[in-house]
Amino acid sequence: MERWSDPKQLMVWAERTRRVASFISTDQTVMDLGCGQMTLRDAIPKGCRYIPADLVKRSDDCRQIELNEGLWPQETADVVVALGVLEYVYDIKGFFYGCARIAPRLIFSYHISYSRNYATRVERMKMGWLNDFPISQVVTEIVRAGGKIERIDGFMHKQNFTQYLFVVVFPI
Ligand SMILES: C[S@@+](CC[C@H](N)C(=O)[O-])C[C@H]1O[C@@H](n2cnc3c(N)ncnc32)[C@H](O)[C@@H]1O
């Protein structure tokens, strides 16, 4: 909470936001989990309803949540978006089950390590990331929660990991 209450911790990921917004069609209700500065609000097509949710109550309409304590939004949506959030979640299984309860479609990002060596762990710790899930575990937990992966895009490559964008559909 202390970290995320500091606005300097929030970077703007314009390209990621733009790309995700292009996966969303008009008139959808979009739940933005871990909304940060809510840059997605202005990027999604006109006619969409935007619902922000975050650990920090970032606006009057922001739903206050704490994904590590099972505090999830109560509403449903057409699509749930979680960008730059799974890195801060301990319970990956609970994460996908929680998203599946909100919407039949999930778009999320996650940094996957190339190898799980010491240097990579140190770098992840420096970022404040709380986990290091391998791709096999991410895929397994999506499938366990009833999800089907529609698309995976390798998005940004760094020395020790690549950021991926996942689009998942859950049966209604
Ligand atoms: C890296 S920022 C990403 C912000 C935004 N999604 C974006 O792409 O610009 C991570 C966001 O997740 C929120 N967050 C971190 N841990 C959380 C938790 N346990 N439950 C809910 N939100 C959390 C932070 O407050 C922050 O706004």
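Residues numbered from 1 in each chain as written. Predicted model: local features only at pLDDT ≥ 70, side-chain atom pairs only at ≥ 80, totals over all residues. Heavy atoms only, no water.

Draft legend 1. Representation of the overall build of the protein chain. What the protein chain contains, in helices and strands, is 6 helices and 7 strands. The secondary structure elements of the protein chain, listed N-terminal to C-terminal, are α-α-β-α-β-β-β-α-β-α-α-β-β. Against the globule reference of 16 Å for 172 residues, the protein chain gives a C-alpha radius of gyration of 15 Å, in line with a compact fold. If you line up the protein chain on its principal axes, its C-alpha atoms span 45 × 35 × 30 Å. (Helix = DSSP H or I, 4+ residues; strand = E, 2+ residues; numbered from the N terminus. Rg over C-alpha atoms; globule rule 2.2 N^0.38 Å.)

Draft legend 2. Structural detail: the packing of aromatic side chains. Enumeration according to the criterion identifies 9 aromatic pairs in this entry. When the ring of Trp-72 is compared with that of Phe-95, the centres are 6.3 Å apart and the planes differ by 50°; the resulting orientation is tilted. Here Trp-72, found in the loop between strand S3 (63-64) and strand S4 (79-82), pairs with Phe-95, found in helix H4 (residues 92-102); they are 23 residues apart in sequence, far enough to count as distant. In this pair, the class of Trp-72 matches that of Phe-95, namely buried. Ring centres of Phe-95 and Phe-96 lie 5.2 Å apart, and the angle between their planes is 75°; this geometry places the pair in the edge-to-face category. Classification of Phe-95 by relative accessible area gives buried; the value is 1%. (Phe/Tyr/Trp six-rings, centres within 6.5 Å; stacked < 30°, edge-to-face > 60°. Buried < 20%, exposed > 50% of the residue type's maximum accessible area, 1.4 Å probe, protein only.)

Draft legend 3. Quick look at the site of the ligand. Taken together, 17 residues form the shell around the ligand, and within it Arg-16, Gly-34, Asp-54, Glu-66 and Leu-83 come nearest. The side chain of Glu-66 places a nitrogen or oxygen atom 2.7 Å from a nitrogen atom of the ligand. In this structure, Leu-83 approaches the ligand through a main-chain N or O atom, which is 2.8 Å from a nitrogen atom. With the chains in place, 94% of the 590 Å² that the ligand exposes on its own is no longer accessible. (Near = heavy atom within 4 Å. Polar contact = N/O pair within 3.5 Å; in protein donor to acceptor, adjacent residues only side chain to side chain. Areas by Shrake-Rupley, 256 points an atom, 1.4 Å probe, with all protein chains shown as cover.)

Draft legend 4. Structural detail: the sheet that holds strand S6 (residues 148-157). Pairing within the open sheet is mixed, and its 7 strands lie in the order S3-S2-S1-S4-S5-S7-S6. In this open sheet, the two edge strands, each paired with only one partner strand, are S3 and S6. Note: strand S2 (residues 49-54) against S3, 2 bridges, orientation parallel. Paired with Ala-53 across the strands is Arg-63, a residue of S3. Packing against the sheet, helix H2 (residues 14-21) makes contact with S4, strand S5 (105-113), S6 and strand S7 (161-169), and its axis sits at approximately 155° to S6. (Pairing = 2+ DSSP bridges. Contact = heavy atoms within 4.5 Å. Axes fitted to C-alpha atoms, helices over the stretch in contact; angles between N-to-C directions.)

Draft legend 5. How the structure looks around the nonpolar core. Counting residues in each nonpolar core, the largest one holds 30 residues, and the members touching the most others are Leu-33, Leu-86, Phe-95, Phe-96, Phe-108 and Val-138. Where this core is concerned, the elements lending two or more residues are strand S1 (29-33), S2, S4, H4, S5, helix H6 (135-144) and S7. Among the elements that make up this core, the one with the highest residue count is H4 (5 residues). Those residues in contact with Phe-95, other than ones at most four positions away along the chain, are Leu-67, Trp-72, Ala-82, Leu-86 and Val-89. Ranked by size, the runner-up nonpolar core spans 18 residues in total, among them Ile-24, Val-30, Ile-44 and Ile-107. (Core = buried A, V, L, I, M, F, W, Y, C linked by side-chain atoms within 4.5 Å.)

Limitation: the analysis is restricted to geometry and does not speak to function.
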